[in-house]
Amino acid sequence: VQLQASGGGLVQAGGSLRLSCAASGSFSSINNMGWYRQAPGKQRELVAVIRSGGSTNYADSVKGRFTISRDNAKNTVYLQMNSLKPEDTAVYFCNVVVFVRPELLAYWGHGTLVTVSS
């Protein structure tokens, strides 16, 4: 399974970015899809997750500003980030859990850097 992430970049505070992560390879189905981030000197943290049924969870720090969505036909997860703050600066990683009979396996995409300038 390969994950191709894109959409990072440099943006001013208050701006927006949209991250995408497409999964490809051999699997029966996709379970959870999520985004994590890791800022310099900090541990990787969950930003948002969307389950196969469409339910979502967000970190408190991004609620109301970020929206996670998925396109099951394209095996792609998106993260729309609005009202960005300098503290959102981090490397963002997508994480996808797929069903490869008979088990669930988790994969990480390569990180994409988001830099928010003040």
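Details of the structure are given in the entry above.
Residues numbered from 1 in each chain as written. Predicted model: local features only at pLDDT ≥ 70, side-chain atom pairs only at ≥ 80, totals over all residues. Heavy atoms only, no water.

Enquirer: Go over the overall build of the protein, please, and point to the residues and values.
Expert: Helix and strand content of the protein: zero helices and 11 strands. Going from the N terminus to the C terminus, the protein shows its helices and strands as β-β-β-β-β-β-β-β-β-β-β. Its C-alpha atoms give the protein a radius of gyration of 14 Å, within 12% of the compact-globule value 13 Å for 118 residues. Once the C-alpha set of the protein is aligned to its principal axes, its extents read approximately 45 × 25 × 25 Å. For the protein, buried positions account for 38% of its 118 residues. Carbon and sulfur atoms provide 48% of the accessible area of the protein, an area that totals close to 6200 Å². Side-chain charges of the protein comprise 11 positive and 6 negative groups, with the mean position of each set lying 3 Å from the other. (Helix = DSSP H or I, 4+ residues; strand = E, 2+ residues; numbered from the N terminus. Rg over C-alpha atoms; globule rule 2.2 N^0.38 Å. Buried < 20%, exposed > 50% of the residue type's maximum accessible area, 1.4 Å probe, protein only. Areas by Shrake-Rupley, 256 points an atom, 1.4 Å probe, with all protein chains shown as cover. Lys, Arg positive; Asp, Glu negative; His and termini not counted. Charge placed at Lys NZ, Arg CZ, Asp CG, Glu CD.)

Enquirer: Before we move on, can you summarise the side chain of Ser20 with the specific residues and values?
Expert: Tracing the sequence through the fold places Ser20 in strand 3 (residues 17-24). Aside from chain neighbours lying at most four places away, what touches Ser20 is Gln4, Ala5, Ser6, Trp35, Thr76, Val77 and Tyr78. (Contact = heavy atoms within 4.5 Å.)

Enquirer: Describe the state of the cysteines, listing the residues and the values that go with them.
Expert: Applying the stated criterion to the full structure yields one disulfide. Each sulfur of the disulfide joining Cys21 and Cys94 lies 2.1 Å from the other. Given an S-S torsion of about 45 degrees, the disulfide between Cys21 and Cys94 has right-handed geometry. Note that Cys21 is positioned in strand 3 and Cys94 in strand 9 (residues 90-100), a separation of 73 residues in sequence. (Disulfide = S-S within 2.5 Å.)

Enquirer: So what about the pattern of salt bridges? Which residues, and what values?
Expert: Pairing is possible between side chains that carry opposite charge, provided their charged atoms lie close to one another. Enumeration over the complete set of coordinates arrives at four salt bridges. With a closest N to O distance of 3.0 Å, Asp88 and Arg37 form a salt bridge. Highlighted residues: Asp88 in the loop between strand 8 (76-81) and strand 9 and Arg37 in strand 4 (residues 29-38), separated in sequence by 51 residues. Neither Asp88 nor Arg37 differs from the other in exposure class; each is buried. When the shortest N-O distance is used, the salt bridge between Asp88 and Arg65 registers 2.7 Å. (Salt bridge = Lys/Arg side-chain N within 4 Å of Asp/Glu carboxyl O.)

Enquirer: Mind laying out the nonpolar core, listing which residues take part and the relevant values?
Expert: Where a protein is soluble and globular, its nonpolar side chains tend to be buried together. Among the nonpolar cores identified, the biggest contains 30 residues, and Trp35, Val47, Phe66, Leu79, Met81 and Tyr92 are the most heavily contacted of them. Of all the secondary structure elements, the ones that give two or more residues to this core are strand 1 (2-6), strand 3, strand 4, strand 5 (45-50), strand 7 (66-71), strand 8, strand 9 and strand 11 (112-117). With five residues, the single largest contributor to this core is strand 9. With sequence-adjacent residues up to four places away left out, Val47 is seen in contact with Trp35, Tyr36, Arg37, Asn57, Tyr58, Ala59, Val62, Phe66, Leu79 and Tyr92. (Core = buried A, V, L, I, M, F, W, Y, C linked by side-chain atoms within 4.5 Å.)

Enquirer: So what's going on with unusual backbone geometry? Residues and values would help.
Expert: With the exception of glycine, most residues fall at negative phi, and the peptide bonds are largely trans. In the segment running from Arg101 into Pro102, the intervening peptide bond is cis, with an omega of 5 degrees. Positionally, Pro102 belongs in the loop between strand 9 and strand 10 (103-108). One non-glycine residue with positive phi stands out, namely Asn75, at about 50 degrees. Assignment of secondary structure puts Asn75 in the loop between strand 7 and strand 8. For Asn75, a relative accessible area of 24% puts it in the partly exposed group. Despite not being glycine, Ser83 shows a phi value in the positive range, around 50 degrees. Position of Ser83 relative to the elements: it lies in the loop between strand 8 and strand 9.

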